[in-house]
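Each chain, letter by letter, is given below.
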Amino acid sequence: MTNVSQALNIEDLRKMAGRRLPSFLFDYAEYGHADGAGVARNVSAFDKYQMVSRALVKCVPPETGRTIFGKRYAMPFGVSAVGGIGVFRPGAERFLAEVARDFNIPFMLSGVSVESIETVARIAPDNVWFQLYASRDVALTERIIRRAGDAGVDVLVVSVDYPIQNQSEVPPRSGVTPVGGINWQKLPAIFSDLATHPRWFADFLMSGGMPKMQSWSPYAPPGSSAKDVAKFYASVWPPNLVWNDIERIRSVWPGKLVIKGLMDPADVAKAYDVGADAVSLSNHGGNKLNIMPATIDCLQAARHAVPEGGTLFLDGGIRRGSDIMKALALGADFCFLGRAFLYGVSAGGRNGAERAMEILSNELSYTMAMLGCPEVDDVTPDRLFSSGA
Ligand SMILES: Cc1cc2nc3c(=O)[nH]c(=O)nc-3n(C[C@H](O)[C@H](O)[C@H](O)COP(=O)(O)O)c2cc1C
């Protein structure tokens, strides 16, 4: 049994996840596009920023809550969408929804989830947001949007960052595609990968093997297997979305609308013009293209493009509570984390997700107190260190 309570930080959970998961899965999550430089850049860019403390401030315990879209969350961060996370750990989406509910943070359910939106919304009705991957079939996209509303979701996050399929080099190298396709010539290596990660393989078999994407299963032909549903999804995604598509989505979605995956300040400004309530500055965790800058380095310019009262989120490379502080100081209203929770839940299921949450919230509280910030609103740009150069 992995003892996630011994993890002191997210890096410890990452190592535990690496020991449990077969390489074809772990590497897929780790590398993103090409050589993985984009993923690494997102993480290392945080080191460039330092923060200065103010002393003699009444700040213990710090108030870590933040209000977004009229709802008070306990922390200024949430769980980002990770597609197919139920393959990494059966039940992962349910565990994350439970942790989000119990710690009162948002959980962004991926548009390619294993669990259905209805199941997850029932677990955490006040904390689940739904991330939409629009389909090439416009009517189908609208059905999915209505389904999210019917399930009680009031925040829709539209990911717009993949005009074409992701080209990770991991599946062709490992011989296993994300939807369970196998290159039979690589079978000996795949067997050896599975044999050296028996706990993951046992869980996978005991939970019924390759899970069906419940998010897309209702739209595939009746009686479709997990593989058929994945094939159906591949036949309708990705669409090459343009701004008119966002306007159309805006016109059919009455709730809060977030556009996820913008990086350019001009795009950020335009998103609010077409009716977005928030933008999530994101390069998909460095997955989409290895030559993109780190999201944290784009944050200040993006903030300047946000109109008065507009809300800005950031994700990408956050591994510490102190990274969240830096993002807040550089202009984010709220942050999202993908891999930090992916590591936790992969390493230890529900306990691992909870451990990731404890680590991040403890680190955040500690950093706030040490910097003399009684509230999240006190994490302002003037807290950033500037050498005066
Ligand atoms: C394995 C994996 C799967 C992901 N799946 C989705 C997804 O289904 N939808 C989405 O909008 N973003 C997805 N993302 C991106 C995350 O939501 C988020 O933008 C990114 O993980 C943030 O970077 P971080 O992992 O460094 O925190 C995925 C990321 C990873 C690593």
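Residues numbered from 1 in each chain as written. Predicted model: local features only at pLDDT ≥ 70, side-chain atom pairs only at ≥ 80, totals over all residues. Heavy atoms only, no water.

**Looking at the packing of aromatic side chains**
Then comes step 1: Considering all chains together, one arrives at 17 aromatic pairs under this definition.
Then comes step 2: With a centroid separation of 4.8 Å and 20° between ring planes, the pair formed by Trp200 and Phe204 is classed as stacked. Of this pair, Trp200 and Phe204 both sit in helix H10 (residues 198-206), separated by four residues, roughly a single helical turn.
Then comes step 3: Pairwise contacts between aromatic rings join Phe69, Tyr73, Trp129, Phe313, Phe334 and Phe336 into one cluster. (Phe/Tyr/Trp six-rings, centres within 6.5 Å; stacked < 30°, edge-to-face > 60°. Helix = DSSP H or I, 4+ residues; strand = E, 2+ residues; numbered from the N terminus.)

**Here's the deal with the pairing of strand S5 (residues 128-132)**
Then comes step 1: Counting buried positions along S5 gives five out of five residues, so the element sits mostly inside the fold.
Then comes step 2: Here S5 shows no split at all, with Val128, Phe130 and Leu132 on one side and Trp129 and Gln131 on the other all buried.
Then comes step 3: On the question of chirality, the crossover connecting strand S4 (residues 107-109) to the parallel S5 by way of helix H6 (residues 117-123) is right-handed.
Then comes step 4: Pairing of S5 with strand S6 (residues 155-159), which is carried by three bridges, proceeds in the parallel orientation. Following the sheet pairing, Phe130 is matched in S6 by Leu156.
Then comes step 5: Considered for its hand, the β-α-β crossover made up of S5, helix H7 (residues 138-150) and S6 is right-handed. (Buried < 20%, exposed > 50% of the residue type's maximum accessible area, 1.4 Å probe, protein only. Right-handed = clockwise from strand over helix to strand, strands pointing away. Pairing = 2+ DSSP bridges.)

**Things to note about the pairing of strand S10 (residues 334-337)**
Then comes step 1: Residue alternation in S10 divides its side chains into two sets, Phe334 and Phe336 and Cys335 and Leu337, and both sets are buried.
Then comes step 2: With three bridges joining them, strand S3 (residues 77-79) and S10 adopt parallel strand pairing. Among the inter-strand pairings, Gly78 is bridged to a residue of S10, identified as Phe336.
Then comes step 3: Relative to S10, strand S9 (residues 311-315) is paired through three bridges, and the arrangement is parallel. Within S10, the residue paired with Asp315 across the bridge is Phe336.

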